[in-house]
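What follows is the residue order along each chain.
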Amino acid sequence: MTSKELILTSLKKNLKVYELFLTLIVFLEIAMIIYGIISFDFSEWRRVAYMISYVALLLCSVSTFAINRFFIKKEKYDNITYINVLSYATLIIFWSAFVSSLDIIGQGYEVTYMTILAAMASIITINPIVFFGITCLSSLLIIIISLINNIPLHVPFYINHFIFIIVILAVQLKNYNDNKVQSMLNKKLQVLAEYDGLTGIKNRRSLDIYIDELIKSNRIFTFAMMDANEFKKINDTYGHQKGDESLKMIAQFLKDEFEQVFRYGGDEFAIVSFDNAGTVK
């Protein structure tokens, strides 16, 4: 399973939590913008930087929410959703690093950065290597901005920072592995539910769902049923193993000839076609 599939699976699984997170960020940013307008002294560059970062994150959070809400259920737009989620995760982590840098310059702490890292590690499953890279670069941003402004970062800062990041990466790695295993199990269960174990073609349950979708979409199609004549004689004469081999051969032949083939049950097969190309030779 690819990182893209895991991110999308994680998002769909935790969509309500993720949207709640985005909504909370939006309200917090609006509150901070109002507070800043009322209280900030904009002659100080740090306050201006705060305000610009708040407005930027507000716009990005609203955009991310809107894009996800529109595209999440349209599977053909999965690439857009994937890029949107990964981009926002990267953006908000660097945003939190930048804001925490401003807090450190003002004799504060990196609370915002730690909170966002913990939230992203819990809500969205990003490839641990990618998450590690984003975390290291954003941590470096805090250090660089602090040093440029002559803010000494003492040994306890580095020790606490290192321990926190290791813990967060461990959480992300565990979530990643758990989601990967769960997704693989879900795929296996889906295959078992939709495909016939003997012939490898889709089963009657898949046929019922497929026909229902075709009828709802008003598509014109040809439907046919067939069975193997006197199939019982094959089982009685040569045994069930030869009977199973015969069913596999029939299924493979039908797959080569027709667009959609289903095992209806026993020696019965269903065929769905949209043109006259599937003529039996």
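Now for a look at the structure at hand.

Analysis parameters
- Residues numbered from 1 in each chain as written.
- Predicted model: local features only at pLDDT ≥ 70, side-chain atom pairs only at ≥ 80, totals over all residues.
- Heavy atoms only, no water.
- Helix = DSSP H or I, 4+ residues; strand = E, 2+ residues; numbered from the N terminus.
- Rg over C-alpha atoms; globule rule 2.2 N^0.38 Å.
- Buried < 20%, exposed > 50% of the residue type's maximum accessible area, 1.4 Å probe, protein only.
- Contact = heavy atoms within 4.5 Å.
- Pairing = 2+ DSSP bridges.
- Polar contact = N/O pair within 3.5 Å; in protein donor to acceptor, adjacent residues only side chain to side chain.
- Patch = residues over 30% accessible without salt bridge, like charges linked within 9 Å, V, L, I, M, F, W, Y side chains within 5 Å.
- Areas by Shrake-Rupley, 256 points an atom, 1.4 Å probe, with all protein chains shown as cover.
- Salt bridge = Lys/Arg side-chain N within 4 Å of Asp/Glu carboxyl O.
- Axes fitted to C-alpha atoms, helices over the stretch in contact; angles between N-to-C directions.

Scanning the protein chain from terminus to terminus reveals 10 helices and 3 strands. From first element to last, N terminus to C terminus, the protein chain shows the α and β order α-α-α-α-α-α-α-α-β-α-α-β-β. Over its C-alpha atoms the protein chain spans a radius of gyration of 28 Å, topping by over 25% the 19 Å that the globule rule assigns to 281 residues. The principal-axis extents of the C-alpha atoms in the protein chain amount to approximately 90 × 40 × 25 Å. Out of the 281 residues belonging to the protein chain, those deemed buried represent 39%. In the protein chain, the proportion of contacts linking residues at least 24 apart, taken out of those at least 6 apart, comes to 68%.

A word on the pairing of strand 3 (residues 268-273). Of all the 6 residues making up strand 3, 5 are buried; the element is thus mostly covered by neighbouring parts of the structure. With 6 bridges connecting them, strand 1 (residues 222-227) and strand 3 associate as antiparallel partners. Within the sheet, the bridge partner assigned to T222 lies in strand 3 and is S273. Of the strand pairs in this sheet, strand 2 (residues 260-265) and strand 3 are connected by 5 bridges, and their pairing is antiparallel.

Considering the arrangement of structural elements, one finds R263 in strand 2. A polar contact of 2.9 Å, which involves the side chain of R263, links it to the backbone oxygen of G266. Ignoring any residue separated from it by four or fewer positions in sequence, one finds R263 in contact with D196, L198, T199, I201, K202, N203, R204, L247, E268 and F269.

We now examine a nonpolar patch on the surface. Together, V155, I159, F162, I163, I166, V167 and V171 give the surface a local cluster of nonpolar side chains, amounting to about 630 Å² of exposed area. With respect to the element layout, V171 can be found in helix 7 (residues 155-194).

Right, let's talk about the pattern of salt bridges for a bit. Taken as a whole and judged by the stated rule, the model has 7 salt bridges. We note a salt bridge from R46 to E44, for which the minimum N-O separation is 3.3 Å.

Spatial strand order, 1-3-2: 3 strands in an open sheet with antiparallel pairing. In this open sheet, the two edge strands, each paired with only one partner strand, are strand 1 and strand 2. The average angle at which neighbouring strand axes cross in this sheet is 25°, direction not considered. Here helix 8 (residues 204-216) sits on the sheet in contact with strand 1, strand 2 and strand 3, set at roughly 130° to strand 2. In the packing of helix 10 (residues 240-257) onto the sheet, the strands contacted are strand 1, strand 2 and strand 3, and the crossing angle to strand 3 comes to about 5°.

Honestly, that's just the spatial picture; any functional story needs more than this.
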